[in-house]
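Each chain, written out:
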Amino acid sequence: MALLPDRMPKRADGFRERFDNYFGGVPPFSISAFLDTKKAVETAVDVYETEEKVIAVCDLPGIEQKEDMIIDVIDARHVKVSADRNGLDQFEKYRVDQQERYTGRVEREITLPADVALDQTKATYRNGVLYIELPKKEKGLQPLVDIKFEG
């Protein structure tokens, strides 16, 4: 007997969002902290486009060294930004009463709206914000494939 979709048990759609909204989503009352198995959280990203380039703006506060940040070019349409936020060592001996600031690995894969020239990419980190400028590839420079026509 085949299983019919309407006879399948209903899933608790939106349970995580409802739980987090009810309790404010702040640890220790965030169910996402218990259910997520990801080792990194996503950072906020804005993507802008002009005629000549694509600009990605990433929020990465708390990065102290250039070596803690990586921009990984996946292909002409995808870039992955990752960074390590270090904790505040000066408070290690204190009891935590409230902790909302995330420390650890932060990453985000960005899908770009156009093909970009990866070798001309520039990045600047200023005041906790990473600016990535990716010049667009010029169209029409791709060689056409020669078709062998047999008749």
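Residues numbered from 1 in each chain as written. Predicted model: local features only at pLDDT ≥ 70, side-chain atom pairs only at ≥ 80, totals over all residues. Heavy atoms only, no water.

**Examining the overall build of the chain**
1) Next: The helix and strand tally for the chain stands at 2 helices and 8 strands.
2) Next: Taken from N to C terminus, the helices and strands of the chain fall in the order α-α-β-β-β-β-β-β-β-β.
3) Next: Per-residue burial for the chain yields a buried fraction of 22% across its 151 residues.
4) Next: For the chain, the share of sequence-separated contacts (at least 6 apart) that also reach a separation of at least 24 residues comes to 54%.
5) Next: Accessible area for the chain stands at about 12,500 Å²; split by element, carbon and sulfur atoms hold 51% of it. (Helix = DSSP H or I, 4+ residues; strand = E, 2+ residues; numbered from the N terminus. Buried < 20%, exposed > 50% of the residue type's maximum accessible area, 1.4 Å probe, protein only. Contact = heavy atoms within 4.5 Å. Areas by Shrake-Rupley, 256 points an atom, 1.4 Å probe, with all protein chains shown as cover.)

**A look at the pattern of salt bridges**
1) Next: Under the criterion given, the structure shown has 7 salt bridges.
2) Next: Measuring nitrogen to oxygen at the nearest pair gives 3.3 Å for the salt bridge that ties Lys53 to Glu133. Here Lys53 is found in strand 3 (residues 53-59), whereas its partner Glu133 is found in strand 8 (residues 129-135), with 80 residues between them in sequence.
3) Next: The exposure class assigned to Glu133 is partly exposed, which follows from its relative accessible area of 32%.
4) Next: A single network of salt bridges, built from pairs that share partners, joins Lys80, Asp84, Arg105 and Glu107. (Salt bridge = Lys/Arg side-chain N within 4 Å of Asp/Glu carboxyl O.)

**As for the sheet that holds strand 7 (residues 122-126)**
The strands making up a sheet are joined through hydrogen bonds of the backbone, oriented either antiparallel or parallel.
1) Next: The strand order across the open sheet formed by 4 strands is 2-3-8-7, and the pairing between neighbours is antiparallel. Edge strands, defined here as strands with exactly one partner in the open sheet, are strand 2 (45-49) and strand 7. With direction set aside, neighbouring strand axes in the sheet form an average angle of 15°.
2) Next: By the bridge criterion, 5 bridges tie strand 7 to strand 8 in an arrangement that is antiparallel. Paired with Ala123 across the two strands is Ile132, which belongs to strand 8. (Pairing = 2+ DSSP bridges. Axes fitted to C-alpha atoms, helices over the stretch in contact; angles between N-to-C directions.)

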